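If you want the building blocks of each chain, they are given just below.
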Amino acid sequence: MHPMNRKDHFKLGLFSSNCSGGLAATKIEERWGATWEENLRMAQIADKAGIDFLLPIARWIGYKGETNFHGSVLEPIPWAAALLASTERISVFSTVHTAFNHPLVTAKQIATLDAIGGGRAGLNIVAGWNQPEYETMGVDMADAHDDRYGFAQEWWDVVREAWERDEIFDFEGKFFNLKHVEALPKPAGGRVPILNAGSSSQGRNFAGRNSDFVFTIVTGPEDGEGIVRSVKAKALEDHQRDVGVLTLSHAVCRPTRREAEDYLHYYAEENADWGAVDYLMNLQGLHAESFTKEMLTTMRARFASGHGSCPLVGTPDDVAVEIARFAKAGFDGMSLAFVDYAGELEYFAQEVLPRLERLGVRQPVESMAG
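All figures in this text were calculated on a predicted structure; none of them were measured in a lab.

Engineer: Got a minute to help me understand empty space enclosed by the protein in this structure?
Structural biologist: On inspection of all chains with the given rule, the structure shows two cavities of 30 Å³ or more. A volume near 40 Å³ is recorded for the second largest cavity.

What follows is the structure, given as structure tokens:
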């Protein structure tokens, strides 16, 4: 069984560690550099601790500001290959933009990753939203939001057929006309877990139709509970599919709440890269539907501290209780981000994970080995 397919505990992953800054748009000197050495150390700590998955961002140009937030990014496919070869248990997703990657190439790349990891690869499909990156790639961005999902649907249809069909086949569609396709090897289980970030109605419909996990932004467990019910019910009603729902967070966990709040203030207020924050929020408002206009106007501080994700700030007890609230709201898991993914993860694993086990939110690492 693929590790992501376990149903008996709340999944935790690490998000955006392959990007400079991670999710924190900060100017502090010790901000995350996203070097290979840092990522390898983080992945091996996470693997040993029992973190369930690693999820990268695919990015080609930065978000300006004084630090050019996300200006340096390790490309997800080779990043995943090296991490799968360097770990034993953790699942590693690759984030792939449909507009910039041929589906048959991606199908073979992901199958190769799955072989490297012994059945631990995953695919995060991105339909695209960032206009400047389309310009960088010389690709026309469809004016209508729905058209990008139409292309993404056909792209995924090609990947899925490449994994499912044993015989040589042709594919004729609106966007792809492919002849005598041969697609070996296949992923270990016939396919890998599929993740898609869907917050707009079109995005959630695409995710409900095709994904195993819908990765969606919420403001907290309160509004998240209704979103989870809606996403799951819609996928079941429209596509007869049972999907998991994940959300994203950033964590500042310290021995005392005062220490955690002081550090949050230090990196995300006193030293926030507001130029990058405002550039990013402007792009989100113009070209993406992941955030409502109301969220964009009220969440500037969250964009500085964690790219608009939910904050987990306080003592190990505070953080564990807040994560438990997301589990109670019906989420199947969530991603975490830290200013220092490697260093702060060690403390989180030592202090928060045992508390989550005592709360019945997660299972011990030993029980997950089988």
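Engineer: Looking at this structure, how should I read the packing of aromatic side chains?
Structural biologist: Each aromatic ring pair is summarised here by two numbers: the centre-to-centre distance and the angle between the ring planes. Overall, the coordinates contain 16 aromatic pairs when judged by the stated rule. Pairing Y63 with Y279 gives two aromatic rings, centres 6.5 Å apart and planes at 55 degrees, and the pair type is tilted. With Y63 in the loop between strand 2 (53–55) and helix 2 (76–85) and Y279 in helix 9 (residues 274–287), this residue pair connects regions lying 216 residues apart in the sequence. Judged by relative accessible area, Y279 falls into the partly exposed class, the value being 24%. With a centroid separation of 5.8 Å and 75 degrees between ring planes, the pair formed by W156 and W163 is classed as edge-to-face. Assessed through its relative accessible area of 1%, W156 is described here as buried.

Engineer: Just to check I follow, could you spell out unusual backbone geometry for this structure?
Structural biologist: Apart from glycine, the bulk of residues carry a negative phi angle, and the bulk of peptide bonds sit in the trans form. P185 follows L184 through a cis peptide bond whose omega is 5 degrees. Topologically, P185 is positioned in the loop between strand 6 (177–181) and strand 7 (194–196). Of note, the phi angle at A34 is positive, near 60 degrees, even though the residue is not glycine. Among the structural elements, A34 can be located in the loop between strand 1 (11–15) and helix 1 (36–49). Overall, the relative accessible area of 3% leaves A34 in the buried class. Positive phi is not limited to glycine here, since K64 has a value of about 65 degrees. Examined against the element boundaries, K64 turns out to sit in the loop between strand 2 and helix 2.

Engineer: Is there a simple way to think about the environment of S230 in this case?
Structural biologist: Tracing the chain through its elements places S230 in helix 7 (residues 221–239). For S230, a relative accessible area of 46% gives the class partly exposed.

Engineer: Explain the pairing of strand 6 here, please?
Structural biologist: Side-chain direction in a regular strand flips from residue to residue, so the side chains alternate between the two faces of the sheet. The sheet contact formed by strand 5 (residues 169–172) and strand 6 spans three bridges and is antiparallel. Bridge assignment links E172 to a residue of strand 6, and that residue is N177.

Engineer: Explain the packing of helix 1 against helix 2 here, please?
Structural biologist: In a packed pair of helices, the relevant descriptors are the angle between the two axes and the axis-to-axis distance. The interhelical angle for the contact between helix 1 and helix 2, taken along N-to-C directions, is 45 degrees, at an axis separation of 10 Å. Relative to helix 2, the element helix 1 lies oblique. In the crossing of helix 1 with helix 2, the sense of the turn from one axis to the other is right-handed. Here W36, N39, L40 and A43 of helix 1 lie close against helix 2, whose contacting residues are W79, A82 and L83. Tallied by class, the residues present in the contact of helix 1 with helix 2 amount to six nonpolar, one polar and no charged.

Engineer: Got a minute to help me understand the pairing of strand 11 (residues 333–336) in this structure?
Structural biologist: Of the two faces of strand 11, both are covered, the one formed by G333 and S335 as well as the one formed by M334 and L336. The pairing of strand 1 with strand 11 spans four bridges and is classified as parallel. By the bridge assignment, K11 is partnered in strand 11 with G333.

Engineer: Help me understand the nonpolar core in this model?
Structural biologist: Looking at soluble globular proteins, one finds that nonpolar side chains tend to be buried together. In this structure, L12, L123, W163, I323 and F348 are the most contacted members of the largest nonpolar core, which totals 93 residues. When residues no more than four places from it in sequence are discounted, the contact partners of F348 are L12, V319, I323, L336, F338 and L353. Among the nonpolar cores identified, the runner-up in size contains 13 residues, and Y63, F69, V277 and L280 belong to it.

Engineer: Even after reading the chapter, I still don't get the state of the cysteines, so can you show me in this structure?
Structural biologist: Structurally, a disulfide amounts to a covalent bond that connects the sulfur atoms of two cysteines. Following the criterion strictly, the structure yields zero disulfides and no others. This cysteine, C19, is not joined by any disulfide, and C310 carries the nearest cysteine sulfur, 19 Å off. A residue is classified by how much of its surface remains accessible, and C19, at 0% relative accessible area, is buried. Among the residues examined, C310 registers a relative accessible area of 2% and is labelled buried.

Engineer: Teacher, can you tell me more about helix 12 (residues 316–328) here?
Structural biologist: Note: α-helices contain 3.6 residues per turn, so residues at a spacing of three or four share the same orientation. For helix 12, built from 13 residues, the straight-helix expectation of 18 Å at 1.5 Å per residue is met to within 8% by its first-to-last C-alpha distance of 18 Å. Buried-residue contacts for helix 12 involve strand 1, helix 7, strand 9 (244–253), strand 10 (310–314), strand 11 and helix 13 (341–358). Count one or two residues on from helix 12 and you reach G330, which has phi positive near 110 degrees.

About the criteria used
- Residues numbered from 1 in each chain as written.
- Predicted model: local features only at pLDDT ≥ 70, side-chain atom pairs only at ≥ 80, totals over all residues.
- Heavy atoms only, no water.
- 1 Å grid on protein atoms, 1.4 Å probe; cavity = no way out; pocket = protein on both sides within 12 Å on 5 of 7 lines; lining within 4 Å.
- Points joined across faces, edges and corners; volume = space filled by probe spheres on them.
- Phe/Tyr/Trp six-rings, centres within 6.5 Å; stacked < 30°, edge-to-face > 60°.
- Helix = DSSP H or I, 4+ residues; strand = E, 2+ residues; numbered from the N terminus.
- Buried < 20%, exposed > 50% of the residue type's maximum accessible area, 1.4 Å probe, protein only.
- Pairing = 2+ DSSP bridges.
- Axes fitted to C-alpha atoms, helices over the stretch in contact; angles between N-to-C directions.
- Parallel < 35°, antiparallel > 145°, perpendicular 65-115°, else oblique.
- Left-handed = near helix turned anticlockwise from the far one by under 90°.
- Contact = heavy atoms within 4.5 Å.
- Nonpolar A, V, L, I, M, F, W, Y, C, P; charged D, E, K, R; others polar.
- Core = buried A, V, L, I, M, F, W, Y, C linked by side-chain atoms within 4.5 Å.
- Disulfide = S-S within 2.5 Å.
- Expected span 1.5 Å × (residues − 1).

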